[in-house]
Amino acid sequence: MKIETLAVHAGELRAQGAVTDPIVLSTTFAHPSGSLDVHGWTYGRTDNPNRAAFEGCLAALEGGEQCVAFASGMAAVSALLQTYAPGDHIIVERDCYYGLRVVLRETFERWGLECTFVDLADHSAVAAAVRPLTRLIWAETPTNPLLKVVDLAALAGIARAAGAMLACDNTFATPICQNPFDFGAEIVMHSATKFLSGHSDVLAGAIVLRGAGGIAERLRRVQRTMGAVPSPFECWLTMRGIKTLPLRVRAQSETAAAIAGFLVEHAAVERVHYPGLPGHPGHDVAVRQMRAFGGVLSFQVRGDAAAAIAVAERARLFTRATSLGGVHSLIEHRASVEPPDSTTPRNLLRLAIGLEHRDDLIEDLAAALHGA
Ligand SMILES: *Cc1c(COP(=O)(O)O)cnc(C)c1O
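My aim in this report is to walk through the structure given alongside it, one point at a time.

### Observations concerning the environment of T28
Position of T28 among the secondary structure elements: in the loop between helix 1 (3–9) and helix 2 (49–62). The exposed category is assigned to T28, whose relative accessible area is 52%. Once the C-alpha coordinates of T28 and R45 are considered, the two residues, 17 residues apart in sequence, prove to be 9.3 Å apart.

Written out as structure tokens, the structure reads:
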């Protein structure tokens with residue numbers, strides 16, 4: 001079935017014939033028999049019908065065998081990292097989501113997980129970083145906030161040769177724009193907080209596994225024993241959001257492309273970062289790898305940090321806030337929210353495109369840029 005159909009139907013419970021799934025709040029479930037051989041639902045941390053529905057839905061959208069849901073995107077990545085042993089080595093995109101960098105440094109370094117940050121667009125540097133115990137290459141494409149695109153098929157080849165797996169944070173692209181499994185990735189991660197739920201009212205995350213092997217079982221075990229699980233209501237809201245995901249992401253991508261085109265021509269703009277622009281360094285890879293270029297872009301204002309902040313302050317329709325993937329368009333000065341060692345250009349603003357009309361958004365940006 002096509003992705004629009006899967007988005008509406010995959011994973012649905014159809015309990016008691018309900019067209020819209022009921023929310024099952026019970027934390028405990030009657031055993032079907034008195035024996036110790038318990039089948040079906042047992043206890044809320046271990047399993048829940050709404051969680052299973054969300055997992056089944058996202059697995060179908062990505063074309064994976066298994067999906068394991070968590071209370072946030074960071075809980076999902078952290079659970080995955082907990083399936084590795086001290087001494088194991090991972091290679092991580094240098095421009096990765098900064099929360100990942102924080103947990104790697106603050107927690108997993110003490111855990112004994114070895115980690116090398118590499119520019120994954122530099123394939124010889126990636127190959128050179130491989131060690132005997134390299135288990136994972138962690139990609140993010142497009143990256144935040146520079147929208148760097150990396151070649152998943154090439155990285156999957158390096159991972160395979162090293163006996164490692166390629167994982168991809170697919171939060172920005174969503175399964176509408178890109179399916180990393182098509183290019184040889186074994187693991188896909190989502191912050192469902194963003195486009196999947198889509199309305200800035202849910203915190204959730206997930207890891208999708210291409211196969212049902214050892215890593216899926218270890219991850220399921222971490223989920224069930226450590227319990228960083230999303231609530232039934234959050235799973236239900238995410239499922240509701242996913243039903244309109246294809247429509248929303250296509251509209252957001254089209255508006256983002258129109259805004260990128262407007263900004264590229266603007267005299268007060270130094271540089272625009274959007275994979276859909278022919279001048280973007282990752283454009284050719286993006287054309288091969290993505291069906292649309294997504295609803296996030298960033299741009300550098302001519303001048304310093306203060307000039308960029310002033311533009312954000314003059315915006316009226318764009319709300320100054322972090323996050324992305326919701327129906328409201330957001331603008332953010334990234335350097336202000338990232339740690340002091342971040343390499344994000346100081347004059348950079350990130351735009352997360354919502355569902356307002358592109359003409360209104362462009363008018364707002366034109367007014368904000370006036371005088372910059
Ligand atoms: C938001 C985000 C995360 C973290 O997800 P949370 O749900 O906030 O924990 C990870 N990766 C990317 C690309 C994100 O945008």
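### Points about the site of the ligand
Residues in contact with the ligand amount to 13 residues; listed here are only the nearest, M74, D169, S191, T193 and K194. The separation between an oxygen atom of the ligand and a polar main-chain atom of G73 is 2.9 Å. Residue T193 places a side-chain N or O atom 2.7 Å away from an oxygen atom belonging to the ligand. Burial of the ligand by the surrounding chains reaches 92%, relative to a free accessible area of 380 Å². Those elements that place two or more of their residues in the shell around the ligand are helix 3 (73–81) and strand 6 (187–191). Residues belonging to the shell around the ligand are distributed by class as follows: five nonpolar, five polar and three charged.

### Concerning the pairing of strand 4 (residues 134–140)
Most of strand 4 is tucked away, with six of its seven residues classed as buried. Strand direction decides the pairing type here: strand 2 (residues 89–93) and strand 4, joined by four bridges, are parallel. Within the sheet, the bridge partner assigned to H89 lies in strand 4 and is T134. Bridge count for strand 4 against strand 5 (residues 165–169) is five bridges, and the pairing is parallel. Residue pairing across strands places A139 opposite C168, the latter belonging to strand 5. In this region the chain leaves strand 4, passes through helix 6 (residues 152–161) and returns to the parallel neighbour strand 5; the handedness of that crossover is right-handed.

### What about unusual backbone geometry?
Cis geometry is found at the peptide bond from T141 to P142, where omega equals -5°. Here P142 is to be found in the loop between strand 4 and helix 6. Cis geometry marks the peptide bond from N144 to P145, where omega comes out at 0°. Mapping P145 onto the fold places it in the loop between strand 4 and helix 6. One non-glycine residue with positive phi stands out, namely T174, at about 65°.

### As for the sheet that holds strand 9 (residues 296–301)
Pairing in this open sheet of five strands is mixed, and the strands run 8-9-12-11-10 from one edge to the other. Here the strands that pair on one side only, and so sit at the sheet edges, are strand 8 (269–273) and strand 10 (319–320). Bridge count between strand 9 and strand 12 (residues 348–352): five bridges; the pairing is antiparallel. Paired with F299 across the bridge in strand 12 is L349.

### What to know about the sheet that holds strand 3 (residues 114–118)
Strand order across the open sheet formed by seven strands is 1-7-6-5-4-2-3, with mixed pairing between neighbours. With one partner strand each, in any of the chains shown, strand 1 (66–70) and strand 3 form the two edges of the open sheet. Here the strands of the sheet are splayed against their neighbours by 20° on average, with no regard to which way each runs. Helix-sheet contacts for helix 2 involve strand 1, strand 6 and strand 7 (205–209), and the interaxial angle to strand 1 is about 130°. Here helix 8 (residues 214–226) sits on the sheet and contacts strand 1, strand 5, strand 6 and strand 7; the angle it forms with strand 1, its principal contact strand, is near 25°.

Thresholds applied
The written sequence of each chain sets the order in which its residues are numbered from 1. In view of the model being predicted, local features appear only for residues whose pLDDT reaches at least 70, and side-chain atom pairs are presented and counted only at 80 or more, with totals across whole chains, interfaces and linings using the full set of residues. With hydrogens and water excluded, all non-hydrogen atoms of the structure serve as input to the side-chain values. Secondary structure counts use DSSP, requiring at least four H or I residues in a row for a helix and at least two E residues in a row for a strand, with both numbered from the N terminus. Throughout, exposure labels follow a simple rule: accessible area from a 1.4 Å probe, protein chains only, divided by the maximum for the residue type, with under 20% read as buried, over 50% as exposed, and the rest as partly exposed. We call a residue near a molecule or strand as soon as one heavy atom of that residue lies within 4 Å of the molecule or strand. Nitrogen and oxygen atoms within 3.5 Å of one another constitute a polar contact, given that in protein one can donate a hydrogen and the other can accept it, and given that sequence-neighbouring residues count only through two side-chain atoms. Each accessible area is a Shrake-Rupley result for a 1.4 Å probe, and residues are judged covered by the shown protein chains and nothing else. Under the convention adopted here, Pro, Cys and the residues Ala, Val, Leu, Ile, Met, Phe, Trp and Tyr are nonpolar, Asp, Glu, Lys and Arg are charged, and Gly plus all remaining residues are polar. Whether two strands pair comes down to DSSP finding at least two bridges between them. With the strands pointing away from the viewer, any crossover whose connection runs clockwise from the first strand over the helix to the second is right-handed. Fitting a line to C-alpha atoms yields each axis, with helices limited to the stretch in contact; the angle taken between N-to-C directions then spans 0 to 180 degrees. Only heavy atoms enter the contact rule, under which two residues are in contact if any of them lie within 4.5 Å.

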